[in-house]
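Chain by chain, the residues run as shown.
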Amino acid sequence: GFYLYTLTGYWPFIYITGVFCSCGYLVYKTSILKEPFKTTPMFGQASKVSFTLLGSSLLLSAGIYLDKIILFPLLGAEAVAIYYVASILARSVGLVLGPISGVLLSYFARKEKLSNRKFYGIVIAALVAGFFSYVFIMLIDDIFLRYLYPKYANEALNYTGVITLGIVLYITS
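What you see is a predicted model, and the numbers here were worked out from it, not measured in a lab.

Engineer: Would you take a moment to explain the pattern of salt bridges for this structure?
Structural biologist: Any two side chains of opposite charge can pair, on the condition that their charged atoms come close. Under the counting rule described, the total for this entry stands at one salt bridge. Residue Arg-146 pairs with Asp-142 through a salt bridge whose shortest N-O separation is 2.6 Å. Note that Arg-146 and Asp-142 are positioned in helix α5 (residues 116–148) at a spacing of four residues, about one turn of the helix.

The following block contains the structure:
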């Protein structure tokens, strides 16, 4: 995808190539094309779960961009740029921790019963991980922003503590 992008300058090739490669892999490794196209007894339940996950995904995606969409008309492009710079490291950590939390949630969802002790242990572990993530981000954020975004670093560093705390709490929850 990146190679096609360098040839054409059309950045969606990066995404499209990844989608086609993953679909090709699934066709090659599974028998999905041999499956008959008919409804099964599990169709209703699977549809309900799929639409719930779709709705959750749409809300999550809206949350990612909604803050910038609201800030732009209120404060202008400069404020959106400063906000973006202030939140970039915390969002990057979120990109790493998000899939991990998804795997853990699916693991716990499969359990028939989760004791209170295990539940509280999970909550405490998430809070500890969130705390250390916050401390880590705050320790390296100054160096990171001054290196990558020297124009906006001074202004963005005024907001990184609050923005990082919000993002880490969101990820932890």
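Engineer: Is there a simple way to explain the packing of aromatic side chains in this structure?
Structural biologist: Between two aromatic rings, the relevant description is the distance of the centres plus the angle of the planes. Scanning the entire structure with this criterion turns up three aromatic pairs. Seen in terms of ring centroids, Phe-2 and Tyr-5 are 6.0 Å apart; in terms of plane orientation they differ by 40 degrees. Their pairing is tilted. Placement of both Phe-2 and Tyr-5 in helix α1 (residues 2–8) is noted, with a separation of three residues, approximately one turn of the helix. A centroid spacing of 5.5 Å and a plane angle of 70 degrees characterise the contact between Phe-131 and Phe-132, whose relative ring orientation is edge-to-face. Neither residue differs from the other here; Phe-131 and Phe-132 are each classed as exposed.

Engineer: Sorry if this is basic, but what is going on with the side chain of Ser-87 here?
Structural biologist: Along the chain, Ser-87 turns up in helix α4 (residues 77–110). The exposure class assigned to Ser-87 is buried, which follows from its relative accessible area of 0%. Dropping the residues within four chain positions of it, Ser-87 is found in contact with Ile-163 and Ile-167.

Engineer: I'm lost on the nonpolar core in this one. Help?
Structural biologist: As a rule of thumb, nonpolar side chains are buried together in soluble globular proteins. Ranked by size, the top nonpolar core spans 18 residues in total, and within it Val-85, Ile-137, Leu-145, Ala-156 and Ile-163 carry the most contacts. For this core, the secondary-structure elements that each account for two or more residues are α4, α5, α6 (153–156) and α7 (160–172). It is α4 that contributes the most residues to this core, nine residues altogether. For Ile-137, the residues in contact, after removing those within four places along its chain, are Leu-89, Ala-90, Val-93, Thr-164 and Val-168.

Engineer: Is there a simple way to think about the packing of α4 against α7 in this case?
Structural biologist: Two measures define how a pair of helices packs: the angle their axes make with one another and the distance between the axes. Running from N to C, α4 and α7 point in directions that differ by 25 degrees, and their axes come no closer than 9 Å. By the angle class used here, α4 and α7 are roughly parallel. α4 and α7 meet at a crossing whose hand is right-handed. Where α4 abuts α7, its residues Tyr-83, Ala-86, Ser-87, Ala-90, Arg-91, Gly-94 and Leu-97 lie against Thr-160, Ile-163, Thr-164, Ile-167 and Ile-171.

Engineer: Explain the packing of α4 against α5 to me, please; I cannot follow it from the model alone.
Structural biologist: Taken N-terminus to C-terminus, the directions of α4 and α5 make an angle of 155 degrees; their axes are 9 Å apart at the nearest point. Compared by their axis directions, α4 and α5 come out roughly antiparallel. α4 and α5 meet at a crossing whose hand is right-handed. Where α4 abuts α5, its residues Val-85, Ala-86, Ile-88, Leu-89, Ala-90, Val-93, Leu-97 and Phe-108 lie against Ile-122, Ser-133, Ile-137, Ile-140, Asp-141, Phe-144 and Leu-145. When its residues are assigned to classes, the contact of α4 with α5 shows 13 nonpolar, one polar and one charged.

Cut-offs applied
- Residues numbered from 1 in each chain as written.
- Predicted model: local features only at pLDDT ≥ 70, side-chain atom pairs only at ≥ 80, totals over all residues.
- Heavy atoms only, no water.
- Salt bridge = Lys/Arg side-chain N within 4 Å of Asp/Glu carboxyl O.
- Helix = DSSP H or I, 4+ residues; strand = E, 2+ residues; numbered from the N terminus.
- Phe/Tyr/Trp six-rings, centres within 6.5 Å; stacked < 30°, edge-to-face > 60°.
- Buried < 20%, exposed > 50% of the residue type's maximum accessible area, 1.4 Å probe, protein only.
- Contact = heavy atoms within 4.5 Å.
- Core = buried A, V, L, I, M, F, W, Y, C linked by side-chain atoms within 4.5 Å.
- Axes fitted to C-alpha atoms, helices over the stretch in contact; angles between N-to-C directions.
- Parallel < 35°, antiparallel > 145°, perpendicular 65-115°, else oblique.
- Left-handed = near helix turned anticlockwise from the far one by under 90°.
- Nonpolar A, V, L, I, M, F, W, Y, C, P; charged D, E, K, R; others polar.

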